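So the chains spell out like this:
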Amino acid sequence: MSAIVDIIVPVFGMVLVGWGLGRSPLLSAEGLRGLTGVTFYALFPALLFRSMAKVRVEALEPDILLVFFGAVFLLYAVLMLLGRAAGMGRGDRTMLALSGTFSNGVGIGIPFITYAFGERGLVPLLMIISVHSLILLTFSSFLMEMDAPGGARRRLLGRLGGAAFNMLKHPVIPAIFAGLAWGELTRLVPGLATPVVIDRVLQALAAAAPPCGLIMVGASLAHVGLKGHWQSAAVASVFKLAALPVLVWVLGRYVFPLDPLWLTVATLNAAMPAGANVYLVAQMYGIGVARATNAVVISTAASVVTLSIALLLLGVQAR
């Protein structure tokens, strides 16, 4: 119970603060874009760089990717089949599947795991985040492009390549690999280290990342609001918040056994609500926008309860 008080209340308390700011005149849509830019281009990269610079490459467990994405694509296939049974087109089925499998591992996941486990918990999370968008969004874009007219299909590979390149340019991903590379370099070169003054700047930015990220999430929800097709969005949310974490836990416990901490982090990341990229993809293609938007809003609200249950079932203790 202490984990719920010490982790859930601060995390979603700040999301609520962000929602209140987003509903007030203090944080307009333009102001939210500025806050998002600062958070993603300065605060999160500082946190991720400092965290990964302390990691040894040999300590990483690649099996966590098999566990997490194995569960993701199993569930993705199930949701595609359910969408087909419901008479949805390929684009709508894709958005249903993406809504039920894409985790908000950055905006909510990083603060949540940081408050629960500190920097040691960020290592397995960042392994997943480093390829999460690249794999899921590229695959989903491929399926969406398959519905495009014939002329657009001929440009499929070029458009997907451009999308994948843009994801690799996301400020979060370079920060992860730069930190890992810098950590290895400082171990190979005696006397090489991050200057103290620079590290203090990075530390200050890193400390601001979790609260600003959570406020950004809450403010985004306030500006998005609820739209139509809430029934299918609710179904996707059930799969996202319940089925996916259970599947990840089963695979990580019995099929590809993971270290207990890595298994717990992978499971909690799977239990995160749907990420904002879901409705951004829907808006880009003009398909399933209402469903995707509602999936983000509904899953975020419901995750207050489901993440509390996950903490209890996993036996997470407050630091």
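None of the values given here were measured: they were computed from a predicted structure.

Here's the deal with the packing of aromatic side chains
One pass over the full model with this rule turns up six aromatic pairs. Judged by centre distance (6.1 Å) and plane angle (40°), the rings of Phe 73 and Tyr 76 are tilted. With Phe 73 and Tyr 76 both in helix α3 (residues 63-85) and three residues apart, the pair spans about one turn of that helix. Owing to a relative accessible area of 28%, Phe 73 belongs among the partly exposed residues under this scheme. A ring pair is formed by Phe 73 and Phe 139, whose centres lie 5.3 Å apart and whose planes are at 90°; its orientation type is edge-to-face. Taken as a pair, Phe 73 in helix α3 and Phe 139 in helix α6 (residues 119-145) lie far apart in primary sequence, 66 residues in all. An aromatic cluster is present here, built from Phe 73, Tyr 76 and Phe 139 joined pairwise through their rings.

Regarding the pattern of salt bridges
For the structure on display, the rule yields five salt bridges. Notably, a salt bridge pairs Glu 119 with Arg 50, separated by 3.8 Å at the nearest N-O pair. On the criterion of sequence distance, the pair formed by Glu 119 in helix α6 and Arg 50 in helix α2 (residues 29-52) is long-range, its members being 69 residues apart. Given the relative accessible area of 12%, Arg 50 is considered buried.

Thoughts on the packing of helix α12 (residues 260-270) against helix α14 (residues 289-314)
Direction vectors running N to C along α12 and α14 enclose 160°, while the axes themselves pass 10 Å from each other. As judged from the angle between their axes, α12 and α14 are roughly antiparallel. Crossing of α12 over α14 shows right-handed handedness. For the pair α12 and α14, contact is made by Thr 264, Thr 267 and Leu 268 and by Leu 307, Ala 310, Leu 311 and Leu 314, respectively. Residue composition of the contact of α12 with α14, by class: five nonpolar, two polar and no charged.

Observations regarding α3
The terminal C-alpha atoms of α3 lie 33 Å apart, and with 23 residues this matches the ideal 33 Å at 1.5 Å per residue to within 8%. Regarding α3, the residues found buried are Ile 64, Val 67, Phe 68, Phe 69, Ala 71, Val 72, Leu 75, Tyr 76, Leu 79, Met 80 and Gly 83. Buried residues in α3 make contact with α4 (90-99), α6, α11 (230-255) and α12. Just downstream of α3, Gly 87 is the residue with a positive phi angle, here 85°.

Looking at the environment of Gly 100
Along the chain, the position of Gly 100 falls in the loop between α4 and α5 (105-117). On a C-alpha basis, the gap between Gly 100 and Val 235 in space is 8.1 Å, while along the polypeptide they are 135 residues apart. For Gly 100, the contacting residues outside a window of four places in its chain are Leu 75, Leu 79, Ala 236, Phe 239, Lys 240 and Leu 244.

Remarks on the nonpolar core
Core analysis: the biggest nonpolar cluster contains 91 residues, and Ile 110, Phe 112 and Leu 268 have the highest contact counts within it. The element best represented in this core is α6, accounting for eleven residues. Dropping the residues within four chain positions of it, Leu 268 is found in contact with Phe 112, Ile 113, Phe 117, Leu 307, Ala 310, Leu 311, Leu 314 and Val 316.

Each value, and the rule that gives it
- Residues numbered from 1 in each chain as written.
- Predicted model: local features only at pLDDT ≥ 70, side-chain atom pairs only at ≥ 80, totals over all residues.
- Heavy atoms only, no water.
- Phe/Tyr/Trp six-rings, centres within 6.5 Å; stacked < 30°, edge-to-face > 60°.
- Helix = DSSP H or I, 4+ residues; strand = E, 2+ residues; numbered from the N terminus.
- Buried < 20%, exposed > 50% of the residue type's maximum accessible area, 1.4 Å probe, protein only.
- Salt bridge = Lys/Arg side-chain N within 4 Å of Asp/Glu carboxyl O.
- Axes fitted to C-alpha atoms, helices over the stretch in contact; angles between N-to-C directions.
- Parallel < 35°, antiparallel > 145°, perpendicular 65-115°, else oblique.
- Left-handed = near helix turned anticlockwise from the far one by under 90°.
- Contact = heavy atoms within 4.5 Å.
- Nonpolar A, V, L, I, M, F, W, Y, C, P; charged D, E, K, R; others polar.
- Expected span 1.5 Å × (residues − 1).
- Core = buried A, V, L, I, M, F, W, Y, C linked by side-chain atoms within 4.5 Å.

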